[in-house]
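# Examination of the molecular architecture
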Amino acid sequence: MVIGINPSVGLTTLLVLMLAWAFGLNQVASHIGSYAVAPLHLLLFLPFIQMGVYLFHLRRLPLSRQQIEHLSHHPVRLFHAIWQWEWHALVVWGIMAAIAMPLLALYLRRILVLMMRRHRTLLRSRPAVN
């Protein structure tokens, strides 16, 4: 879930794929978890970039039409600016992820244990039918 909200464009799927493979996790479940938080990813994309701009004292995002048109005529400048904003947003996300991931793991584990205690019948193995 934390990987799914990173502020990169197009990197999320690759990260989920590599981490699921590295840790031996279920690929399908990992991608479902990543796509489940996609609305949160879209919601947090600009705030991560804005926090990166604020913390690293960068130029503000070009959000006016004239600024975007100006950058679109200079592809090298556009690529450099986007990479600079992305990199700093990823640093902010990394700091947030280091805090959020252990908390999520702790609370999700508690929720799952409570659910397993309430529904013990789901845990019992059923006899095999021949």
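Refer to the structure above for everything that follows.
In this convention, every chain numbers its residues from 1, walking through the sequence in written order. For a predicted model such as this one, the threshold for reporting local features is a pLDDT of at least 70, and the threshold for listing and counting side-chain atom pairs is 80 or more; totals across whole chains, interfaces and linings nevertheless cover every residue. Only hydrogens and water are set aside when side-chain values are computed; all heavy atoms of the structure are taken into account.

What follows covers the packing of aromatic side chains. Centres within 6.5 Å make a pair out of two Phe, Tyr or Trp rings, where for Trp the six-membered ring is used; the pair is then stacked when the planes are under 30 degrees apart, edge-to-face when over 60, and tilted otherwise. Across all of its chains, the model carries one aromatic pair by this definition. Ring centres 6.1 Å apart and planes at 55 degrees place the aromatic pair phenylalanine 56 and tryptophan 87 in the tilted group. Residue phenylalanine 56 is located in the loop between helix H3 (38–55) and helix H4 (65–72), and its partner tryptophan 87 is located in helix H5 (residues 75–118); the two are separated by 31 residues in the primary sequence. Using a 1.4 Å probe on the protein chains alone, a residue whose accessible area is under 20% of its type maximum counts as buried, one over 50% counts as exposed, and one in between counts as partly exposed. According to the relative accessible area criterion, tryptophan 87 is partly exposed, its value standing at 41%. A helix here means a DSSP run of H or I that spans at least four residues, while a strand means a run of E at least two residues long, and both kinds are numbered starting from the N terminus.

On the surface, Met1, Leu104, Leu108, Ile111, Leu112 and Met115 cluster together to form a nonpolar patch covering roughly 550 Å² of accessible area. By the element assignment, isoleucine 111 lies in helix H5. Patch membership requires more than 30% relative accessible area and the absence of a salt bridge. Residues of like charge join within 9 Å; the nonpolar side chains Val, Leu, Ile, Met, Phe, Trp and Tyr join within 5 Å. Reported accessibility uses the Shrake-Rupley method at a 1.4 Å probe radius. Residues are deemed covered only where the shown protein chains occlude them. Salt bridge, as used here, is a side-chain nitrogen of Lys or Arg placed within 4 Å of a carboxyl oxygen of Asp or Glu.

Let us look at H3. The span one expects for a helix is its residue count, reduced by one, times 1.5 Å. Helix length check: H3 (18 residues) gives 25 Å between terminal C-alpha atoms against 26 Å at 1.5 Å per residue, within 8%. Helix geometry: H3 is bent most strongly at leucine 44, by close to 40 degrees, with proline proline 47 lying one to four residues after it. When H3 is considered as a whole, its buried residues turn out to be His41, Phe48, Ile49, Gly52 and Val53. For H3, the elements touching its buried residues are helix H1 (12–23) and H5. Once H3 finishes, histidine 57 follows within two positions and takes phi at roughly 55 degrees, a positive value. The quantity called bend is, for any residue, the angle between two axes fitted respectively to the seven residues ending at it and the seven beginning at it. Residue contacts are defined here by distance: any two heavy atoms, one from each residue, within 4.5 Å place the two residues in contact.

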